[in-house]
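Residue-level structural notes
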2 protein chains.
Amino acid sequence: MSKSMSEISTDRRALLGGAAATAALLGAGVSSASAAPADVVAIRKAAIAQQAEAIKRLQDWIKLPTITAEGVNVDTGPEYMMNLAREAGFQTVKRIPTDGTDGVFATLDVGAPRWVGVYFMYDVKQYDPKEWDSPPLEGRLVDKPGVGKVIVGRGAVNQKGPESAFLAAIHAFKAANKKLPVNIALVCEGEEEVASTHFKQVVTHPDVLPILKKCDGVFIPFTAQSATGDITIQLGAKGPIEFQLIADGGPSGMGPKADIHSSEKARVDSPIWRLTQAIASLTSPDGNTPMLDGYMDNVRPLTARQKDLIRAAAKGMNEEAVKKAYGVTHWINNESFEDSLIRLTEQPTINLQGLIGGYTGPGGKSILPTHAEAKLELRMVPNQTYEEVSKKLRAHLDKRGFTDIKLNISGGYDPTETDEKARIIQSALAAYKTMGVNASIFPRLAGSWPGSVFTQPPVAIPALQYGMGFGSGAHAPNEFFVIESANPKVAGYTEATMGYVELLYAIAQAK
Amino acid sequence: MSKSMSEISTDRRALLGGAAATAALLGAGVSSASAAPADVVAIRKAAIAQQAEAIKRLQDWIKLPTITAEGVNVDTGPEYMMNLAREAGFQTVKRIPTDGTDGVFATLDVGAPRWVGVYFMYDVKQYDPKEWDSPPLEGRLVDKPGVGKVIVGRGAVNQKGPESAFLAAIHAFKAANKKLPVNIALVCEGEEEVASTHFKQVVTHPDVLPILKKCDGVFIPFTAQSATGDITIQLGAKGPIEFQLIADGGPSGMGPKADIHSSEKARVDSPIWRLTQAIASLTSPDGNTPMLDGYMDNVRPLTARQKDLIRAAAKGMNEEAVKKAYGVTHWINNESFEDSLIRLTEQPTINLQGLIGGYTGPGGKSILPTHAEAKLELRMVPNQTYEEVSKKLRAHLDKRGFTDIKLNISGGYDPTETDEKARIIQSALAAYKTMGVNASIFPRLAGSWPGSVFTQPPVAIPALQYGMGFGSGAHAPNEFFVIESANPKVAGYTEATMGYVELLYAIAQAK
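Heads up: these notes are all about the structure in this document. (Residues numbered from 1 in each chain as written. Chains lettered and ligands numbered in written order. Predicted model: local features only at pLDDT ≥ 70, side-chain atom pairs only at ≥ 80, totals over all residues. Heavy atoms only, no water.)

Remarks on the interface of chain B and chain A
Taken together, the 79 residues of chain B in the interface contact 78 residues of chain A. Together, the buried faces of chain B and chain A total about 6,800 Å²; carbon and sulfur atoms form 55% of this surface. In terms of surface lost to chain A, no three residues of chain B exceed Arg267(B), Trp273(B) and Leu355(B), which account for 13% of the buried area on that side. There are 0 salt bridges connecting chain B and chain A. The interface formed by chain B and chain A contains 44 residue pairs in polar contact (both at pLDDT 80 or more). Ranked by the residues each element gives to the side of chain B that touches chain A, the list is headed by strand 11 (residues 349-358) of chain B, at 10 residues. Counted by class, the side of chain B that touches chain A contains 32 nonpolar, 31 polar and 16 charged residues. (Contact = heavy atoms within 4.5 Å. Buried area = accessible area lost by both parts, 1.4 Å probe. Salt bridge = Lys/Arg side-chain N within 4 Å of Asp/Glu carboxyl O. Polar contact = N/O pair within 3.5 Å; in protein donor to acceptor, adjacent residues only side chain to side chain. Helix = DSSP H or I, 4+ residues; strand = E, 2+ residues; numbered from the N terminus. Nonpolar A, V, L, I, M, F, W, Y, C, P; charged D, E, K, R; others polar.)

Below, the structure written as structure tokens:
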């Protein structure tokens, strides 16, 4: 049951459904944190009028995937991003060179007292068209039972869909002839999916840093709503280190130069065995507890307040639905849902993404392979750092005699954290409240986003993920973003657009 | 420098070169163990006359690869084998049904007092044409610098080349109108490359077993010569168990049903981690010492005589050449060559053939994969057995809580051993001596062949690998078998053919 455009109310307080739904959603005493209702109504009208155009813009963007890991569209991607910014009315739009895929920086200065930063990733994850029900670069509009009309494509939710909705908000201000309540600094990268390897070069660029430092904070457009419509603001995120461990008999001398007959294992070192043993040394025998030397040294335990936030959040979640979504029957060690959430938030991880080496066809083949590779990633919590743990990885391997195992760190950054009292966090809560959404705060996202590049010196401003709307399938086939929602509590495209309008007003008016 | 056919002497004593080479090769007091020289000269003349036809027969056979692991030509392969036997003059030729790829059994009863068994594998290893310099099924004749004219193709040396040379010997007897000195029982299988899974069904078939039990012994046609022309008769071989370990989150419940976002590792069991830890538990941290519970219980150490044989053999080998051939700089633990040979012979192995699971493309991808597979094989020594160790594998995993890891044993058999005093061993030594070849005995091949199906009850006859000639690249690209040898001490195709003629006479005349 998807909702048609004509049914959508223009009353922003009722934007998530009819009057009855609105009454149910809004708690007592909710007051508007935003501008004169008439302005918002006009902007909303413009957003509705421009929705088809905005979706076309999103589809066109999906057609041009930038995939830095594969060197795909690494030059045209930033140019396209620059055009999107220009079309939205940004006054200065610059390509920021890096040692990898370039960044983009754009400003829209309306002379407002406050600045806000907006962070875009214009790159997307790799995809395999064979696994998709519709072509991953088509951006096809599909009716998804129980969800609504959705756009399906690589980048639909991660992150072009929400980002296009933010751009649609800027277009709507202009179309409605309303002045933006804040100035905007838009900072974009094309390496988010390779752990933002060179993004620090973008934010510290002399044209970028002084403006970012003026900002109240920075947010990434995001589908913050769950399937039920509730929102959780993550006050931080883990920091990843993505790396590959490679065993190669030739260069290392610890094994044969080419695959040889397997009977020689008795007297010849095996690169693939050495790799297996090296990676096995990184966790406990059940694969659940990190055993990397010194990894836990700087882990700051959650505070009582942080644990309270988690327990409160757990009450609002449906454990069985979460298990079903992840296709699991239990949490590790058969822990309770609450404990699993605390672990998800507090524990740094060592994840094994993939293994490849030797013979991989059907059955077996009696070779002693010369080469094998493991792909892993760590996710760290404060106060672990990228630099510290990178060094510990090499030291751990060397201490065990695995000097022959090559460590290739392909990306990473520090964990991020923002104080719940920060003005932009309070502005976000106020905006959600205005829209009648049930929003809470949560200590930390188990995933990662490069907020630390903003929250740490030299930028040192609050950072968060913000946005109305829903989608799923990031990094997976059939990734989607909701355009028209079957659930009145979940925002469709225009409602997601209006979520950004409300935030900009909230920031302008926050105390 | 390859030798042209016309240069090849018809004097069998000089078959490996000119008169001078022959004099150098033959020790003092070498006496013929075979038939009247005139008979052998006539057979040799026939073999030379038929060589082109025999090579064409080999090329045609190479064109039809039977690969049981991939289900390739599993029905036409045995039919083709039956035709080859019929053409060679075998009187009874039967297809022996098995639960896998069928076997073939053929007899050639000339009323001689003695029977000898000949074992053929008609299947070949998988191949990837992209890795080959000439098409793997063409059987192209190529000049290989320093080696001579060789036939290149899948199965060229392992094992169709030597087998076709044996068939050529039978054809030559017929063409020369000479009576075979022994009766021949030819037993063939199409599953050697999948660890002879159903071969016991062939040898114990009621049409097969009574005849095999009458045989002096059984041999597989083989390129026993090294690149220098010397020969080592292996008195045994290790017995393999080939298996795959598979971790699958869905069926096992120990992990997600599909790949999920890697951040969930904190609270979700990881099938690929569990697989890694399970396989890591099978060896010491350097990957060199088997740690499978109870694996070493029944390992019978080498006897003093066996070690003496190894030390004597070591003196005749060139360590640097062996290292170069295997592309290694050292033996494990920097052991001496002699110690490496003792280890190669005495130590059962646990080899990791390959790993595949999760993301395997360039760089990384933040998934927690649902599926991973490891391919391994063990090689056992007496008195370890297939049945005993198969059970220990499962028990080892279960004891460590890896009940979720699926164990798929794709094939295997017991180690094999033949007494050096067995008449067929002495016959082989005599035949080699007749041909002026420097032949010695060695306790055990580090590789495997399913000799145990013959050496153990109910067949219980001696078994060996026998044959003149040289080749390389079994299981590898550009596999070849020498047709015309650049080294006068190494047999070409006709000399390899004559090696079987000499063996049959030696068996007939042995005391």
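Here we look at the sheet that holds strand 6 (residues 183-189) of chain B
Residues and elements named next belong to chain B. Pairing within the open sheet is mixed, and its 6 strands lie in the order 1-2-6-3-7-18. Either end of the sheet is taken by a strand with one partner, and the two such strands are strand 1 (92-96) and strand 18 (463-466). The sheet shows a mean angle of 20 degrees between the axes of neighbouring strands, taken without regard to direction. Pairing of strand 2 (residues 103-108) with strand 6 involves 5 bridges; the strand directions are antiparallel. (Pairing = 2+ DSSP bridges. Axes fitted to C-alpha atoms, helices over the stretch in contact; angles between N-to-C directions.)

So, helix 5 (residues 160-175) of chain A
All names here are of chain A. Taking 1.5 Å per residue, 16 residues should reach 22 Å; helix 5 reaches 22 Å between its end C-alpha atoms and fits that length. Burial within helix 5 is extensive, with 14 of its 16 residues counted as buried. Backbone geometry just after helix 5 places Asn177 at a positive phi near 60 degrees. (Expected span 1.5 Å × (residues − 1). Buried < 20%, exposed > 50% of the residue type's maximum accessible area, 1.4 Å probe, protein only.)

Focus on the nonpolar core
One finds Ile184(A), Phe219(A) and Tyr466(A) to be the most contacted residues of the largest nonpolar core, which totals 71 residues. No other element matches helix 16 (residues 493-509) of chain A, which puts 10 residues into this core. Filtering out sequence-adjacent residues up to four positions away, Ile184(A) remains in contact with Phe90(A), Ala106(A), Thr107(A), Leu108(A), Trp115(A), Val116(A), Val118(A), Phe166(A), Ile170(A) and Leu504(A). Ranked by size, the runner-up nonpolar core spans 70 residues in total, among them Ala47(B), Ala85(B), Val93(B) and Leu186(B). (Core = buried A, V, L, I, M, F, W, Y, C linked by side-chain atoms within 4.5 Å.)

Regarding the state of the cysteines
All names here are of chain B. Across all of its chains, the model carries 0 disulfides over all chains by this definition. We note that Cys188 lacks a disulfide partner, and the nearest cysteine sulfur, in Cys215, lies 13 Å from it. Judged by relative accessible area, which is 0%, Cys188 ranks as buried. Judged by relative accessible area, Cys215 falls into the buried class, the value being 7%. (Disulfide = S-S within 2.5 Å.)

Quick look at the environment of Thr276(A)
Summarising the element assignment, Thr276(A) is placed in helix 9 (residues 271-280). Taking the C-alpha atoms as reference points, Thr276(A) and Gln234(A), 42 residues apart in sequence, are found 36 Å from one another. Discounting residues that sit within four places of it in the chain, Thr276(A) has contacts with Thr276(B), Ile279(B), Ala280(B), Leu352(B) and Leu355(B). For Thr276(A), the side chain forms a polar contact with the main-chain oxygen of Ile272(A), separated by 2.8 Å.

Points about unusual backbone geometry
Residues and elements named next belong to chain B. Gln159 follows Asn158 through a cis peptide bond whose omega is 15 degrees. By the secondary structure assignment, Gln159 is in the loop between strand 5 (148-152) and helix 5 (160-175). Phi angles above zero are rare outside glycine, and Ala195 is one such case at about 60 degrees. Structurally, the position occupied by Ala195 is in the loop between strand 6 and helix 6 (199-203).

What to know about the packing of helix 2 (residues 37-49) of chain A against helix 5 of chain A
All names here are of chain A. Running from amino to carboxyl end, helix 2 crosses helix 5 at an angle of 115 degrees, the nearest separation of the two axes being 8 Å. For the pair helix 2 and helix 5, the crossing hand works out as right-handed. The segment helix 2 lies against helix 5, with Ile43, Ala46 and Ala47 engaging Ala172, Phe173 and Ala175. Split by residue class, the contact of helix 2 with helix 5 holds 6 nonpolar, no polar and no charged. (Left-handed = near helix turned anticlockwise from the far one by under 90°.)

Without other data, these values stay purely geometric and don't point to any function.
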